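Listed here are the chains, written in short residue letters.
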Amino acid sequence: LICTSAVAPPCLEAQSAKPTPLILEKDDGERRVWRPVEGMKGEPSLFILKVDPRNGGSSHLVFGTEDLEPGGNIERHRHPGSDEIVYLENGLAKVSLSNAVREVHGGSTVFIPADTWISIVNTGKEAIHLVFVFSAPGFEEFMRAESVREGDKVIPLTKAEDAAIQAKHA
């Protein structure tokens, strides 16, 4: 399958044994929008899966970007199977990592060892552009299950649908 960006060259989306080299512009990749869970407030945010087993064929890591609007958050969660690095390119955020809570600014790096609880809230007045890297594939399938491709209709998840997805990808 080929996935295309509206403004840049196509990116390869393939499941293959041999990784495919990619050169991606800022907006290139598998562009997806989070589906809100019924009753949640705020606008769904956009994320881009750039490199993973489907995009580029990497069996070793996942790389992507996300824009977090003012007041937007990444809910408390953990990744039992991989470490994660989040780099905030700009903005102001409250990061809760394990038992620590800290206000961070653009240019900050957050290292999240496997099985560590993390949440991030944009406390500033501008959208935060962040970059994420997982040390092993897996979580991107949860991300796909809780989102739709950009341009598709965003239908909120019921609490039961969200719970089923959470259970499947725990």
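Definitions and limits used
- Residues numbered from 1 in each chain as written.
- Predicted model: local features only at pLDDT ≥ 70, side-chain atom pairs only at ≥ 80, totals over all residues.
- Heavy atoms only, no water.
- Core = buried A, V, L, I, M, F, W, Y, C linked by side-chain atoms within 4.5 Å.
- Buried < 20%, exposed > 50% of the residue type's maximum accessible area, 1.4 Å probe, protein only.
- Helix = DSSP H or I, 4+ residues; strand = E, 2+ residues; numbered from the N terminus.
- Contact = heavy atoms within 4.5 Å.
- Pairing = 2+ DSSP bridges.
- Axes fitted to C-alpha atoms, helices over the stretch in contact; angles between N-to-C directions.

Enquirer: Help me understand the nonpolar core, please; the structure alone is not making it clear to me.
Expert: As a rule of thumb, soluble globular proteins bury nonpolar side chains together. Counting 23 residues, the largest nonpolar core has Val-86, Leu-88, Val-110, Ile-120, Leu-130, Phe-132 and Met-143 as the members making the most contacts within it. Elements with a contribution of two residues or more to this core: β4 (46-51), β5 (62-68), β7 (84-88), β8 (92-97), β10 (109-112), β11 (118-122), β12 (128-134) and α1 (139-145). A total of four residues in this core trace back to one element, the largest contributor, which is β12. In this view, Leu-130 contacts Gly-64, Thr-65, Glu-66, Leu-68, Ile-74, Val-86, Tyr-87 and Leu-88; residues no more than four positions away in its chain are not counted.

Enquirer: Honestly, the sheet that holds β8 in this entry has me stumped. Any pointers?
Expert: Strand pairs in the sheet, formed through backbone hydrogen bonds, run parallel or antiparallel to each other. Taking strand neighbours across the sheet as the criterion, the four strands line up as β6-β11-β8-β9 in an open arrangement whose pairing is antiparallel. Each edge of the sheet is formed by a strand with only one pairing partner; in this case those strands are β6 (73-77) and β9 (100-105). When strand polarity is set aside, the average angle formed by the axes of neighbouring strands in this sheet is 20°. Two elements, β8 and β11, share five bridges in a ladder whose sense is antiparallel. Paired with Ala-93 across the strands is Asn-122, a residue of β11.

Enquirer: Whenever I open this one, the sheet that holds β5 confuses me. Can you help?
Expert: Strand order in the open sheet formed by seven strands is β10-β7-β12-β5-β4-β3-β13, with antiparallel pairing between adjacent strands. The open sheet has two edge strands, β10 and β13 (147-149), and neither has a second partner. Sheet twist, expressed as the average angle between the axes of neighbouring strands with direction ignored, equals 25°. Here five bridges tie β7 to β12, and the two strands are oriented antiparallel to one another. Note on β12: the bridge partner recorded for Leu-88 is Leu-130.

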